[in-house]
Structures are given as structure tokens and as C-alpha cells.
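Structural characterization, general
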Amino acid sequence: MRSNRIRTTALAATALLAALSLTACGTETAGGESAKAGAAAPAAAHQAVKQSPPPAAPAAPQEKTTDTGGTSKDTAAPPARSDAKNTTGSTKRTGNGSGTAKPDRTPVTCDGGNTRTSVTTVSRPLNHLLLTLTNTGDRPCYAYYAPGLRFDDAQAVFPVLDSSQPQAVVTLDPGQSAYAAIGLTGEPGAGPAPRKGTRLQVHFSGRSGEGSTGTPVNLTLPSDTYWDDNGFVTYWQAERADALTY
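So, here is what we can say about the structure in this document. Per chain, residue numbering runs from 1 following the sequence as it is written. Restriction of local features to residues with pLDDT of at least 70 applies here, the model being predicted, together with a cutoff of 80 or more for giving and counting side-chain atom pairs; totals for whole chains, interfaces and linings are based on all residues. To obtain the side-chain values, all non-hydrogen atoms of the structure were included, while hydrogens and water were left out.

1. Focus on the pattern of salt bridges
Definition in use: We count a salt bridge whenever a side-chain nitrogen from Lys or Arg sits within 4 Å of a carboxyl oxygen from Asp or Glu. For helices the rule is a DSSP run of H or I covering at least 4 residues; for strands it is a run of E covering at least 2, with both sets numbered from the N terminus onward.
This structure, assessed with the given rule, holds three salt bridges. Two residues, Asp-229 and Arg-195, come together in a salt bridge whose shortest N-O distance is 3.2 Å. You can see Asp-229 sitting in the loop between strand S10 (213-227) and strand S11 (232-233) and its partner Arg-195 sitting in strand S9 (residues 195-205), a full 34 residues away along the chain.

What follows is the structure, given as C-alpha cells:
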């Protein structure tokens, strides 16, 4: 009887120990799993932050162009291109830019058609007149030799003073003038008495010096002009002072 009670007590104690052991194992297992789960959570969070993709880098700038339809397109800038082709199809040459030929500057002979002639009195020398010939043309002209003078209705031309011949023919550019002096009378008593003159006809010499060329000019003489056959006229001079030295 007593041995059955001991066996029963032993069995009960064994069962109690086994139950306690199982409870302890369950608690440890649960605690271990919780600890492991708690430790894994931060690791997973750390791993998630580490694997987050970096922000996208800004795209390279592109040049915006507009096509012929007016819509905008993003295209890369094209490389520079040199086009040496002549699009005009022809090459023009320019000269002086005026488009007209240069005027003819070949000198001509001075005459009544391309000059203006005037006659004036002078204070010195006495009994002298001065002829002024001005080029009114657009080309240079040559004032050859001496002017041929006729007073009023005289039959002969006035005498030319040979000593007044210049070294070269006088050339007048447009606007320039030449001069000739007229000595109205010679030595007193050397010939007929002086005559009053009212008109003077001027003739122009050509290159040959023979006769006259071009249109003559008719001038009105200053008042109280007297002349005689012993007077003279000089060659055309480039300077007024040179003409009046005779």
C-alpha cells in the first residue's frame, strides 16, 4: 500500500517536472524568437535605407529649336558648318562705283566756244588794256600763241610783240585763266594820230599758228580807248603780272 503511494507520488513529481520543463522551453523559445525578430527589424530598416536609389542626376542641357511648322523640338546643338558655296550664282566687279565712264580729259584748243574773254583797263602801264581768257569748258585747253586783234573796221590785225613769247604753251584747266596785254599806242609822233576805238574782235590761234581757229569773240572796248598802228599785243601768259610787264 505504501509502495503504491510512493510510486504515485514519484510519478506525480516526474509529471510536474516535465510540465515545468516544457513551460520553461516554451518561454525561452518565445523570448528567443522575439529577440531575434527585434534584432532583425533594425537591420532590415538599415538595409532598406541603404538600397534607396540616389536622386536622378539632372539631364544634360539641350538646345531648343523650332521647325518650320512652329513647334518646338529639343535637339542637340548641331556642329558648326562652313558653306563656301556662292548662292548668288554670279560675281560682279565694281569699278569706280558710278557706273559711268570717266570724262574725256584730252586737252583741246582754246577758242570762243569753250572760253570767256573780257577786256579791262589798267592803271599801269599807261595806255594799256588787259585781255583775260577763262576756260569755261570741261576739258583743259591750250592758249596758243597770241590773240589776233582787230579794232573796229581795221583791215590788218594788231601787231604781236614777239619778245613776249613764253617758254611753253599756256594750258588752262577748267576755270583757269590766261592773260594778254594790249599796248594801245607806240611812240608819240611815230605814225598816224591815235583813233578812238569802240569794238574789238578777238581771234584764236591753232597749233600751227597759221590763221585762226574756232569762233572769234566780239567785245566792247572801255570808253575813251584810243589806239594806233604802232601798238602791240603780247602772247598769252599764265600770270597777269607777266602780261603787264610789257
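2. Re the side chain of Thr-225
Threshold: Relative accessibility decides the category of a residue: with a 1.4 Å probe and only protein chains considered, values under 20% of the type maximum give buried, values over 50% give exposed, and everything between is partly exposed. N or O atoms closer than or at 3.5 Å make up a polar contact, with two conditions inside protein: a donor-capable atom paired with an acceptor-capable one, and, for residues adjacent in sequence, both atoms drawn from side chains. In what follows, a contact means two residues having at least one pair of non-hydrogen atoms within 4.5 Å.
Of note, Thr-225 is situated in strand S10. You can call Thr-225 buried: its relative accessible area is 2%. Among the polar contacts made by the side chain of Thr-225, one reaches the main-chain carbonyl oxygen of Pro-222 at a distance of 2.6 Å. Beyond its immediate sequence surroundings of up to four residues, Thr-225 is in contact with Leu-129, Leu-184, Arg-195, Lys-196 and Gly-197.

3. Comments concerning the sheet that holds strand S5 (residues 128-135)
Through backbone hydrogen bonds, the strands of a sheet pair up, either in parallel or in antiparallel fashion. Basically, it comes down to this: Strands are treated as partners if at least two bridges between them are detected by DSSP.
Spatially, the four strands line up as an open sheet ordered S4-S5-S8-S11, and their pairing is antiparallel. Edge strands, defined here as strands with exactly one partner in the open sheet, are strand S4 (115-121) and S11. Pairing of strand S8 (residues 177-183) with S11 involves two bridges; the strand directions are antiparallel. If you follow Ile-182 over to S11, its bridge partner there is Val-233.

4. Considering the layout of surface pockets
Any empty space left between the atoms is revealed when a probe the size of a water molecule rolls over them. Quick note on the threshold: Grid points spaced at 1 Å over the protein atoms alone were grouped into cavities, where a 1.4 Å probe fits but cannot get out, and pockets, open sets with protein on both sides within 12 Å along at least five of seven lines, with lining residues defined by an atom within 4 Å of a point. Grid points are joined across faces, edges and corners, and a volume is the space filled by probe spheres set on the points. Three categories are distinguished: nonpolar for Ala, Val, Leu, Ile, Met, Phe, Trp, Tyr, Cys and Pro, charged for Asp, Glu, Lys and Arg, and polar for the others, with Gly belonging to the last.
The calculated volume of the largest pocket comes to roughly 240 Å³. Residue lining of the largest pocket: 17 residues in total, with Ala-146, Pro-147, Gly-148, Val-160 and Ser-205 positioned closest to the centre. Taken together, the elements giving at least two residues each to the lining of the largest pocket come down to strand S6 (141-151) and S9. No other element matches the six residues that S6 contributes to the lining of the largest pocket. In terms of residue class, the lining of the largest pocket is made up of nine nonpolar, six polar and two charged.

Nothing here speaks to function; it is all geometry.
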